[in-house]
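Okay, here's what each chain looks like letter by letter:
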Amino acid sequence: MPTDGIRPLVAGNWKMNGLRRSVDTIEALKGRAQEGVLERIDMLVCPPVTLVALAVKTMDTVPIHIGGQTCHPAESGAHTGDIAPEMLLDVGASYVLTGHSERRTDHGESDSDVHAQTLGAWRAGLCSVVCVGETKDEREAGNEISVVAGQIAGSVPDGATAENTVVAYEPVWAIGTGLTPTVGDIAAMHDAIRAELTGRFGDEGGKMRILYGGSVKPGNAAEVLAPNNVDGALVGGASLSATDFMGIADAVAGLVKPES
Ligand code: PGA
């Protein structure tokens, strides 16, 4: 359940999926989002980098944010195949994911890499969605809270604010598997992350959005996103379908307390 005073964020990570025809999904999202959900929540779509400019153009007047899935820390230079945060900004992105577990695993990205990427994102003016989460072994050993606290300490730079940083908690074993932690485990982790953020950043840490990610679907969203300090979702597989992604967005909008 989104923290009082925090505007929730529902973010979609398309990963390495999508060709130009996938703009149909963006068109469909655009249509559905105009039905009012954006009055209550923010939405973000992170398509593969080849589609970022097209997605920005397609969203045009609808304020769904578009983001990248990773970035290089530097502004430019001899880094073949890499994308600078300034390049994402240049084509209209406003967010970038940093430290997704698939980047940490597939490309050996460490907390200090994620820290540098996040600083690069801020330099360019992008909001960084810093991803953290424990493996199955780490959870089975009972170390999940300390692992995630360590990732936050190492990956989130000093100077983080509610404007420039979102933290996404994604247990590695729940990503793409259909498995999710219990609601109690999600609540315990999000409370611990909130305590880390307020301990380090004071009041600002109380305003940062903490997303849950890992097998969020329309059918489980209201349940897994219900605990306190869950300020939205980072959605992989289900974000490839406009219907499913909007189902999750609707569920999060339904958890927002009406203004009194
Ligand atoms: P999933 O992916 O929703 O397909 O589990 C989440 C993510 O990796 O961001």
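The residue count restarts for each chain, going from 1 along the sequence in the order it is written. Selection of residues for local features in this predicted model requires a pLDDT of at least 70, selection of side-chain atom pairs for listing and counting requires 80 or more, and totals for whole chains, interfaces and linings are taken over all residues. Note that the side-chain values use all heavy atoms of the structure and ignore hydrogens as well as water.

Caption draft 1: Layout of the site of the ligand. Any residue with at least one heavy atom within 4 Å of a molecule or strand is counted as near it. The environment of the ligand is made up of 13 residues, and the closest members are K15, H100, E170, G176 and S215. One of the backbone N or O atoms of G176 is found 2.7 Å from an oxygen atom in the ligand. Side-chain atoms alone can form a polar contact between residues adjacent in sequence; in general such a contact is a pair of N or O atoms within 3.5 Å, and within protein one must be able to donate a hydrogen while the other accepts it. Here G236 contributes a backbone N or O atom positioned 2.8 Å from an oxygen atom of the ligand. Coverage of the ligand by the protein amounts to 97% of the 280 Å² it exposes when considered alone. Here the nonpolar group is Ala, Val, Leu, Ile, Met, Phe, Trp, Tyr, Cys and Pro; Asp, Glu, Lys and Arg are the charged ones; every other residue, Gly included, is treated as polar. Per-class residue counts for the shell around the ligand are four nonpolar, seven polar and two charged. For every accessible area listed, the method is Shrake-Rupley and the probe measures 1.4 Å; residues are considered covered only by the protein chains on display.

Caption draft 2: Geometry of the pattern of salt bridges. Salt bridges are counted wherever a side-chain nitrogen of Lys or Arg sits within 4 Å of a carboxyl oxygen of Asp or Glu. One pass over the structure, following the stated rule, counts 17 salt bridges. As a salt-bridge pair, D42 and R7 come within 2.6 Å of each other at their nearest N and O atoms. Taken together, the residues D42 in strand β2 (residues 42–46) and R7 in the segment before β1 (9–13) connect sequence positions 35 residues apart. Residue burial is assigned from relative accessible area. The probe radius is 1.4 Å, only protein chains are included, and a residue is buried under 20% of its type maximum, exposed over 50%, and partly exposed in between. Given a relative accessible area of 34%, R7 falls into the partly exposed group. With its nearest N and O atoms 2.9 Å apart, the salt bridge here joins D42 to R209. Of this pair, D42 sits in strand β2 while R209 is found in strand β7 (residues 209–213), placing the two residues 167 residues apart along the sequence. By relative accessible area, which is 15% here, D42 ends up buried. Salt bridges here are not isolated pairs; linked through shared partners, they connect E134, R139, E144 and D185. Numbering of helices and strands starts at the N terminus; helices are DSSP runs of H or I of at least 4 residues and strands are runs of E of at least 2.

Caption draft 3: Local environment of the sheet that holds strand β6 (residues 165–169). Any two strands with at least two DSSP-identified bridges between them are counted as paired. Spatially, β1-β2-β3-β4-β5-β6-β7-β8 is the arrangement adopted by the eight strands of the closed barrel, whose pairing is parallel. Looking at each pair of strands side by side, their axes are set apart by 25 degrees on average, direction ignored. Two elements, β1 and strand β8 (residues 232–235), share four bridges in a ladder whose sense is parallel. Of the residues in β8, the one forming a bridge with G12 is V235. When checking whether two residues touch, look at their non-hydrogen atoms; a contact exists if any pair is within 4.5 Å. Axis definition: a line fit to C-alpha positions, over the contact stretch in the case of helices; interaxial angles, taken between N-to-C directions, run 0 to 180 degrees. Lying on the sheet, helix α7 (residues 144–155) is in contact with β5 (127–132) and β6; it crosses β5 at an angle near 150 degrees.

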